[in-house]
Amino acid sequence: MTAKEQTIIEIPVTDLLERTRKLHGDGYRLVQIGCTGLAESYEINYSFDKEYRFQNLRITVAPGEEVPSISGIYWGAFVYENEMHDLFGIPVTGMNIDFQGAMIRTGEKHPFSVTRKGEGPCRNA
Amino acid sequence: MPERIVVPFGPQHPVLPEPIHLDLVLEDETVVDVVPSIGYIHRGLEKLVTKREYPEFVHVAERICGICSFMHGMAYVQGIEAIMDVEVPDRARYLRTIWAECSRLHSHLLWLGLFADAMGFENLFMRSWQLRESVLDVLEDTTGGRVIQGTCKVGGVRRDIKGEKLSDIQKTLPEFEQQCRDLTDVFLNDESVKYRLGGLGVIGKSEAYDLGAAGPTLRGSGVDWDARCLGYAAYADLDFKPVSHPAGDCYARCAVRLGELFTSIDLINQAVEKMPEGPIDVKVTGAPDGEYFCRVEQPRGEVVHYLKGDGTKHLTRARVRTPTLANIPPLVKMLPGCQLADVPVIVLSIDPCISCTER
Amino acid sequence: MGFCTMAKIVIRNLVHGPATRRYPAVPQRACPITRGHVTLDPAQCISCGLCMRRCPAQAIQVDKAEKVWEIDRFRCIACDACVEACPVKCLTMETTYIAPVTEQTVERHAITYVKPEKKKKPETGQAEG
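Since we're looking at a predicted model, the values are computed, not measured.

Definitions and limits used
Residues numbered from 1 in each chain as written. Chains lettered and ligands numbered in written order. Predicted model: local features only at pLDDT ≥ 70, side-chain atom pairs only at ≥ 80, totals over all residues. Heavy atoms only, no water. Contact = heavy atoms within 4.5 Å. Buried area = accessible area lost by both parts, 1.4 Å probe. Salt bridge = Lys/Arg side-chain N within 4 Å of Asp/Glu carboxyl O. Polar contact = N/O pair within 3.5 Å; in protein donor to acceptor, adjacent residues only side chain to side chain. Helix = DSSP H or I, 4+ residues; strand = E, 2+ residues; numbered from the N terminus. UniProt positions renumbered as here; feature names shortened; annotations may be inferred. 1 Å grid on protein atoms, 1.4 Å probe; cavity = no way out; pocket = protein on both sides within 12 Å on 5 of 7 lines; lining within 4 Å. Points joined across faces, edges and corners; volume = space filled by probe spheres on them. Nonpolar A, V, L, I, M, F, W, Y, C, P; charged D, E, K, R; others polar.

Listed by partner, the interface residues are 45 residues for chain B and 46 residues for chain A. When the two sides are added together, the surface that chain B and chain A hide from each other amounts to roughly 3900 Å², 56% of it contributed by carbon and sulfur. Interface area lost by chain B to chain A is led by Tyr209, Leu230 and Phe293 of chain B, which between them contribute 16%. Counting across the chain B and chain A interface gives five salt bridges. Across the salt bridge formed by lysine 308 of chain B and glutamate 43 of chain A, the nearest N and O atoms sit 3.2 Å from each other. At the surface where chain B touches chain A, the tally comes to 15 residue pairs in polar contact (both at pLDDT 80 or more). Those elements that place two or more of their residues in the side of chain B that touches chain A are β3 (30-37), α1 (45-48), α3 (69-84), α8 (205-210), β6 (289-298), β7 (301-310), β8 (315-321) and α11 (323-334) of chain B.

The next subject is the UniProt feature "domain: NADH-quinone oxidoreductase subunit D" (unreviewed entry) in chain B. All names here are of chain B. The sites that UniProt annotates as "domain: NADH-quinone oxidoreductase subunit D" (unreviewed entry) are residues 120-283 and 287-359. Within the segment residues 120-283, helix and strand shares are 55% and 2% respectively, and the terminal C-alpha atoms sit 51 Å apart. For residues 287-359, the end-to-end C-alpha separation is 24 Å, with 33% helix and 37% strand making up the annotated structure.

Okay, empty space enclosed by the protein next. If you walk through the whole model with that rule in mind, you get six cavities of 30 Å³ or more. Each pocket or cavity is described by its volume, and for the largest cavity that value is around 90 Å³. Partitioning the lining of the largest cavity into residue classes produces 13 nonpolar, two polar and no charged.

Right, here's the structure in full:
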């Protein structure tokens, strides 16, 4: 299997920009930003890679809590942040390209949100 | 200063088989700004993971994309195997490598055809797809499916390739390679193709790296980063070098994909030679408890499958970051400055796969 | 250089005729393991329902009491999971694709299997165990 280790560092939201800036300075590449809905909160993983070394920063936020955008550091982060906002309803502040919830056109607002009530209209499952 | 107008590009456009929408801000014929938007085919497959048992979800994972289907399945099962600490038999790892490389061949040939079509070179389009058909035949003969292979499962593979079939495949490789060389010759040396692609949609090395580009888009800018170097499946035992090209334009991205055709052929050859004997699967019991980021190099670039389980048969989260999503920011940076007529070619040069992107 | 290569390919293709075939007048290319569509042998099916549970697309419905096996061809993804799961091998993966249709219908098959008298164990228990 994959030989290289994966590290996950849990950090508070306030440290996010500083840690990301440091990784950017070290020459890390942004791989992805992914969000996971827990029972009452969200876990957001920021994944970086440098020469096959895989690093993750993890923040945990409550529903409605604002997350600062890292698109000032990694320009390309806007796709992931807009996705996070459109699917999970996490407010991200300071995005360089803010679609205001129109990047992913879903029939229902924030379909993956943990505060969403009921299973909703899922015809096939 | 000329007047600025906004021209919508897509979601239905002759060059794209799938819907992506771009708002192009034009000054005369020159693009000055681009705003992409997606979401026309969001299927919620990531959510489906909570409704299907984890061994079944591999069928869903394969159907995330119709072209890199095998590698989505492979990335998913590798993630599960890593969480559950399953040691996959050697033969299964080699078989997966062969199928993955066949998928890469057929995906690149498909893309080359579409690209030739976008340039208006219909003959070349037909020729690429004709070659692709022979790869699909091999896939059908060995797995039973042309584009959806369905042979990966947690703990190994579902089908074996018999020894004689393996040597049959190996025997057809030299001829296929020669046909690919002819195709490469046309793509790289034909004056009209060179004129159409050279200097188009340039993105520099540091910029591509910084924007988080993946796959041929990244390597076309001279960064030789390839997720296969992580050594998953049998790649650690096989000898290959990532293909890269320094120019960063459409021509370079095309050259990288053409170069990868030969890497894939060589990898299949090596895998057949080194194919170990033995079982093709192990029995897997229990349920995944833990999390893992599985990275696999797809034809379009690096895919990340993030899987998280809580010890039940249903995973709690599967998140797929597909290469096209990572390649949208570079695309947005590539387009300003080009002519409106060049937009289809540049959009196609990142090999957009929108179904993947939206899952 | 590129021009000559292309000219050669074009001439060869002109002489060789089309690379495509006139499907469905000419049958599709198939090999013994091609996954086309699933068929049931109603005389062997023991209505254990294992295929229904293994189906990732939920295309198969088995009604034990009514002795009916149903498949929705629009949902079926021809993944082979049911064929692998079947304990009595009454399902077969045929190599031909189903003909195109315009309306979604559910195919119903009446199960004609009769339990042999001699056996003491119930078959369904065997299948699930």
